[in-house]
Amino acid sequence: MSLFINDSCIGCTFCQNECPVMAISYDGDHYQIAPDICIGCGTCSRVCVMDAIEDSECPRLPVPAHEKQTLECDFCVVGGGAAGLVAAAKVAESGKKVIVLEKNRKPGGGGYFAVGLTPSNTQWEKDAGVPENIEERVARAMAQTENKLDPALMKNLFTSLGGVFDWLCSWAPVEKCFALSPNPFDGALSVGTKDQSYGSGKFITTHILPHLEKLGVKILTETAGTGLELSSDGSVQAVLARDPGGEIRIACGTCLLCTGSLIRSERIRKMIPEFATADVKRYAHDMPTLTGDGLTIAEEAGIPLNQDSIVLAFVGCMPVAYEEGPFKQGERKDAIRINLEGKRWVNESAGGKDMAEKLLYQPKAVSYTVMDSSILESREPKPAPPACAPGDPGGPPMMMEFPYPGGVPDFAVTRKEKTPANAEAFRALSGKIGHGTLVCADTLEELAAGMGADASALKKSIEEYNAICSAGMDAAFGKDAIYLRPLVRAPYFAIRNYLYLDGVFGGLNITPGMQVVGANGPVPGLYAAGDITCGRYTNDLMHKTEVINDYSWAIAGGYMAAESILKAL
Ligand SMILES: Cc1cc2nc3c(=O)[nH]c(=O)nc-3n(C[C@H](O)[C@H](O)[C@H](O)COP(=O)(O)OP(=O)(O)OC[C@H]3O[C@@H](n4cnc5c(N)ncnc54)[C@H](O)[C@@H]3O)c2cc1C
Ligand code: SF4
Ligand code: SF4
């Protein structure tokens, strides 16, 4: 066995975290397996949803071409992720024939990575005496979104959040992943994920797949839904698909479109040209199959899209997603953010979302976090706690940890190997990693060369910034004064940062029963769920005000669609 990681890797770190002998490391660009350390246990291949781990001694065989195939079922799911797998299982439990089409080499989608399912009004809560709060949650959701959402959809959603969890309890060992505990907001008992490191997405995906197998659900992987055939009355009569061997027609009366986030969609690239030219590091949210096919399929079937609902969920301007250690230093607020022109471009103490929105308009949407040795070797200052209200005794005073009293903090090269945060360690690492990811230099000219930035502009930006630090006030960008620290002591360091999005959402209008709304009302037999649907958030100039998190919406949406489908079948 000689394992290697191929180009489908999205850097999710699952294999690295689970390898028992730490044979997997990251070089700033790629994950790789050390053949001399690997013991061939197969864990990495099992946990990799991208099927990116190959054995060079057993090369994958090309798929032979086939004639156009015809299949038949009661219900066809386009997209085997969070929403699709739930809907497939729920419908198949009633004895219906279900086929799931999954474009990726393995099912799971983005749902495999999601941490938080937030059910409510579950049987567990009812048994613990927690009063039902569906009406209250609907009222809150409507108030939060200025009554822009559909209250009937909200009612179905908040009811189904309990229904889907109770249903999971009927076939999965949910107590391994979920627990009833006081929630941090008001202390009321509620169901939540027990252990953040074992997210609900991985738990549900790994348990639902054998459940689907027992139910006889056929999952066609590497098979992309490509179109819909509607009959003369506008109802669904078939789904068209393509696998590596050729075309497939799946005759069915009901279809669920749930192809996930639009993050890799050409549509978004055309809508926002800066997004098209952004140099984005491959990361788990940016799965290559998330190309918004569900919207294309609907549009080609004559269904109007809700373009205004499409929203980019900016998260931050981050070094390398999910990596820790030296890369984490790239998020420091006491460093300075420099774009590829060598110019400072943002208030470094601003939140990640605000910064990401601005990063989109920087050249290639790339930025470097630049610091000197004094910053690198100390800990980021912490803001003072908010002042207490009159009469509030308050807690103990928060200690300022700057300058860091305990010596230099640690940072990790991989998640498990620790290396001290000092100039020598950084220099060694930057040489090892390369790719312009970490740059270490004795002069600002050399630093600019490593970053691919203009040296005189970089020097000028740092001179201006140091003057701001001396004045103690940032008139240029309004950076919080506690983070103002001059860059004076060589060597200097730069960490490359990229645009980071949680996903791109919306596009399809749905009824409260998750049926797709076409030009003449609900399309018979056509349903949608998950990231490609709107209805649970408002989009105010790319600000997504949501009443439920993405994953819970997908899981509840798949369940809501299945309930409607079962009534209709
Ligand atoms: C890394 C990561 C972490 C996340 N963490 C969280 C979190 O902590 N909390 C949270 O609320 N949300 C989180 N999310 C978001 C959440 O996972 C998604 O909102 C949810 O999975 C959406 O469900 P879905 O069914 O719409 O799409 P997905 O689960 O992404 O599934 C869509 C599937 O459709 C497939 N597909 C695409 N096109 C086609 C086609 N033409 N034919 C067939 N199949 C197709 C895709 O390959 C994919 O498998 C995370 C997402 C990612 C990627
Ligand atoms: S996608 Fe994740 S699990 Fe698969 S090889 Fe890459 S880092 Fe490892
Ligand atoms: S096969 Fe096992 S030991 Fe080898 S890299 Fe994968 S998880 Fe690590």
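Residues numbered from 1 in each chain as written. Chains lettered and ligands numbered in written order. Predicted model: local features only at pLDDT ≥ 70, side-chain atom pairs only at ≥ 80, totals over all residues.

1. Digging into helix α10 (residues 293–300)
The periodicity of an α-helix, 3.6 residues per turn, causes residues three or four places apart in sequence to face the same way. Listed as buried for α10 are Asp293, Gly294, Leu295, Ile297 and Ala298. Buried-residue contacts for α10 involve β6 (75–78), β11 (224–230), β14 (254–257), α8 (266–271), β22 (515–518) and β23 (521–528). Backbone geometry just after α10 places Gly302 at a positive phi near 85 degrees. (Buried ≥ 20, exposed ≤ 12 C-beta atoms within 10 Å, placed from the backbone. Helix = DSSP H or I, 4+ residues; strand = E, 2+ residues; numbered from the N terminus. Contact = placed C-beta atoms within 7 Å.)

2. A closer look at the domain arrangement of the protein
On domain assignment, one finds that the protein holds domain 1 (3–55), domain 2 (69–310 + 506–568) and domain 3 (319–384 + 417–496). Placing a centre on the C-alpha atoms of domain 1 and another on those of domain 3 gives a separation of 30 Å. (Domains from an automatic or database assignment.)

3. Some thoughts on the site of ligand 2
Residues in contact with ligand 2 amount to 14 residues; listed here are only the nearest, Cys9, Cys12, Cys15, Cys48 and Ala52. Residues belonging to the shell around ligand 2 are distributed by class as follows: 12 nonpolar, 2 polar and no charged. (Near = placed C-beta within 6 Å. Nonpolar A, V, L, I, M, F, W, Y, C, P; charged D, E, K, R; others polar.)

4. Some points on the site of ligand 1
Around ligand 1, a shell composed of 36 residues is seen, among which Gly79, Gly81, Gly109, Gly260 and Gly530 lie nearest. Listed by contribution, the elements that provide at least two residues to the shell around ligand 1 are α3 (82–92), β11 and α16 (550–568). For the shell around ligand 1, the residue count by class is 12 nonpolar, 19 polar and 5 charged.

5. Some thoughts on the environment of Phe165
Topologically, Phe165 is positioned in helix α6 (residues 151–169). What makes Phe165 buried here is the crowd of 25 C-beta atoms within 10 Å. Leaving out residues up to four positions away in the same chain, Phe165 has contacts with Pro119, Thr122 and Val191.

6. Looking at the sheet that holds strand β10 (residues 218–220)
Sheet strands associate in pairs through backbone hydrogen bonding, adopting either a parallel or an antiparallel arrangement. Pairing within the open sheet is mixed, and its 6 strands lie in the order β10-β7-β6-β14-β23-β22. Only two strands of the sheet have a single neighbouring strand rather than two, namely β10 and β22. Neighbouring strand axes in the sheet, compared pairwise and without regard to direction, differ in orientation by 30 degrees on average. Sheet strands in contact with α10 are β6, β14, β22 and β23, and its direction is about 135 degrees off that of β14. (Pairing = 2+ DSSP bridges. Axes fitted to C-alpha atoms, helices over the stretch in contact; angles between N-to-C directions.)

7. Describing the nonpolar core
What tends to happen in soluble globular proteins is that the nonpolar side chains get buried as a cluster. Within the largest apolar cluster, 158 residues are counted, with the highest numbers of intra-cluster contacts made by Cys76, Val77, Ala88, Leu256, Leu257 and Ala528. Leave out the neighbours within four places in its chain, and Cys76 touches Ile99, Leu101, Val239, Ile250, Cys252 and Cys255. (Core = buried A, V, L, I, M, F, W, Y, C linked by C-beta atoms within 7 Å.)

8. Overview of the packing of helix α5 (residues 134–144) against α6
For the pair α5 and α6, interaxial distance at closest approach is 9 Å and the crossing angle is 135 degrees. In terms of orientation, α5 and α6 fall into the oblique class. Every pair of crossing elements has a handedness; the one defined by α5 and α6 is right-handed. Judged by residue contacts, Ile134, Arg137, Val138, Ala141 and Met142 of α5 engage Pro151, Met154, Lys155, Phe158 and Thr159 from α6. (Parallel < 35°, antiparallel > 145°, perpendicular 65-115°, else oblique. Left-handed = near helix turned anticlockwise from the far one by under 90°.)

9. Quick word on the pairing of strand β13 (residues 246–251)
For a regular strand, side-chain orientation follows a simple rule: the groups alternate between the two sheet faces. Looking at chain direction, strand β5 (residues 69–72) and β13 are connected through 4 bridges and run parallel. For Glu72, the partnering residue across the bridge sits in β13 and is Ala251. The antiparallel hairpin formed by strand β12 (residues 236–243) and β13 contains 2 residues in its connecting segment.

10. Some remarks on the sheet that holds β11
Pairing is mixed in the open sheet, where 4 strands are placed in the order β5-β13-β12-β11. Each edge of the sheet is formed by a strand with only one pairing partner; in this case those strands are β5 and β11. Each strand axis lies, on average, 25 degrees off the axis of its neighbour in the sheet, ignoring direction.

11. Examining unusual backbone geometry
Note the cis peptide between Ala490 and Pro491, where omega equals -5 degrees. Structurally, Pro491 can be placed in the loop between α15 (455–471) and β21 (492–505). In this structure, Ala365 is a non-glycine residue whose phi angle is positive, near 55 degrees. A residue is classified by how many C-beta atoms lie within 10 Å of it, and Ala365, with 23 of them, is buried. Although it is not a glycine, Met542 sits at a positive phi angle of roughly 70 degrees. Relative to the helices and strands, Met542 is located in the loop between β24 (537–540) and β25 (543–546). When the 14 C-beta atoms within 10 Å are taken as the criterion, Met542 is described as partly exposed.

12. Describing the environment of Glu341
Examined against the element boundaries, Glu341 turns out to sit in the loop between β16 (336–339) and α11 (352–359). For the pair formed by Glu341 and Pro363, sequence separation is 22 residues and the distance between their alpha carbons is 7.5 Å. In contact with Glu341, other than residues within four places in its own chain, are Pro363, Ala453, Asp454 and Ala457.

13. Observations regarding α5
For α5, the set of buried residues is Arg137, Val138 and Ala141. Buried residues of α5, viewed axially, fall in a sector of 100 degrees; they line one side. Those residues of α5 that are exposed and aimed more than 90 degrees away from the buried face are Glu135, Glu136 and Ala143. Along its buried surface, α5 packs onto α6. Among the residues trailing α5, Glu146 stands out with phi positive, at a value near 50 degrees. (Arc of directions from axis to C-beta.)

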